[in-house]
Amino acid sequence: PVGPVYIVQNGDTLWDIAALFNTGINDIMIANGLPNADIYIGDRLVIPGLEGLSGTLITKIVPFGETLRSLSRQYRVDEALLKKLNHIVSPTQLYAGAKLIILQQDDQPAWPARSNLKQGETLLELAVRQATDAWTLAEINRLPGTWAGLPDDVLYLPSGSSDAKPTGLPA
């Protein structure tokens, strides 16, 4: 079957998984050729209703200070897709401690490091400081151009060391 895969975790039931992805138990059983509702830790289940997507569906607990934008950048997933997967209709639904479904591309791991633009710093200066270039930073952070970096915006880096932690406070 074609579609994103969910790996069964400890404590998961077919009912829980169906509720998590807003689909039916029978739909999951048919899509995966399951003779009954028995599932085991580590089973890889294709989730119906998400055709056109590929990768592994993982759940993450939202850390304090993270936003939909920062999580979208970190995991290389479009914000609109995160909203769709998690049925988010209001930004207030994303809070620290909430469980978030993320589509992780098998060939694209999450970005390892991040930094903030300091007050008065340009994207080019940050790039030089992090031994990369401004165009790469703009591309991986989905900025419309190298001019679009804002002070205190959390930007992900292709390599290097993290010197920024989310605070949960506005810039």
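Attention here is on the structure that accompanies the text. Source: prediction; values computed, not measured. (Residues numbered from 1 in each chain as written. Predicted model: local features only at pLDDT ≥ 70, side-chain atom pairs only at ≥ 80, totals over all residues. Heavy atoms only, no water.)

Examining helix α4 (residues 79–86)
Selection rule: Type-normalised accessible area, obtained with a 1.4 Å probe on protein chains alone, sets the label of each residue: buried when under 20%, exposed when over 50%, and partly exposed for intermediate values. Put simply, DSSP marks the helices as runs of H or I at least four residues long and the strands as runs of E at least two long, and each gets a number from the N terminus on. Along the arc lie the directions from the helix axis toward the C-beta atoms. Residue contacts follow a heavy-atom distance rule, with two residues in contact if any of their heavy atoms lie within 4.5 Å.
Every buried residue of α4 is accounted for by L81, L82, L85 and N86. In a view along the axis of α4, the buried residues occupy a sector of 120 degrees, so they form one face of it. The elements touched by buried residues of α4 are β3 (56–61), α3 (68–75) and β4 (99–104). Two residues or fewer after α4 comes H87, characterised by a positive phi angle close to 55 degrees.

Regarding the sheet that holds strand β1 (residues 5–7)
This is how it is decided: Any two strands with at least two DSSP-identified bridges between them are counted as paired. Note on geometry: axes are lines fitted to C-alpha atoms, helical ones only across the stretch in contact, with angles between N-to-C directions running from 0 to 180 degrees.
In spatial order, the strands read β2-β1-β3-β4; together these four strands make up an open sheet with mixed pairing. Among the strands making up the open sheet, the edge pair consists of β2 (44–46) and β4. Strand-to-strand twist of the sheet, defined as the mean angle between neighbouring strand axes without regard to direction, takes the value 40 degrees. The strands touched by α4 are β3 and β4; relative to β4, the strand with the most contacts, the crossing angle is about 125 degrees.

Remarks on the pattern of salt bridges
It is possible for side chains of opposite charge to pair when their charged atoms get near one another. Definition in use: By definition here, a salt bridge exists when the distance from a side-chain nitrogen of Lys or Arg to a carboxyl oxygen of Asp or Glu is within 4 Å.
Under the criterion given, the structure shown has two salt bridges. Among the salt bridges present, the one from E66 reaches R114, with a minimum N-O distance of 2.9 Å. One end of the pair, E66, is in the loop between β3 and α3; the other, R114, is in strand β5 (residues 113–116), and 48 residues separate them in sequence. The closest approach of N and O atoms between E121 and R129, which form a salt bridge, is 3.1 Å. For E121, a relative accessible area of 15% translates into the label buried. Accessibility expressed as a relative area gives 33% for R129, which makes it partly exposed.

Details of α3
Burial runs high along α3: seven of the eight residues are buried. A positive backbone phi angle near 60 degrees is found at R76, which sits one or two residues after α3.

A closer look at the packing of α3 against α4
Applied cut-off: Angular relationships are summarised with four words: roughly parallel below 35 degrees, roughly antiparallel beyond 145, roughly perpendicular across 65 to 115, and oblique for the angles in between. Residues are grouped as follows: nonpolar covers Ala, Val, Leu, Ile, Met, Phe, Trp, Tyr, Cys and Pro; charged covers Asp, Glu, Lys and Arg; every other residue, Gly included, is treated as polar.
Relative orientation of the contacting elements α3 and α4 amounts to 105 degrees, with a least axis distance of 9 Å. Classified by the interaxial angle, the pair formed by α3 and α4 is roughly perpendicular. Here α3 contributes L68, R69, L71 and S72 to the contact with α4, which in turn contributes E79, L82 and K83. Considered class by class, the residues forming the contact of α3 with α4 number three nonpolar, one polar and three charged.

It is worth stressing that arrangement in space is one thing and function is another; only the former is reported here.
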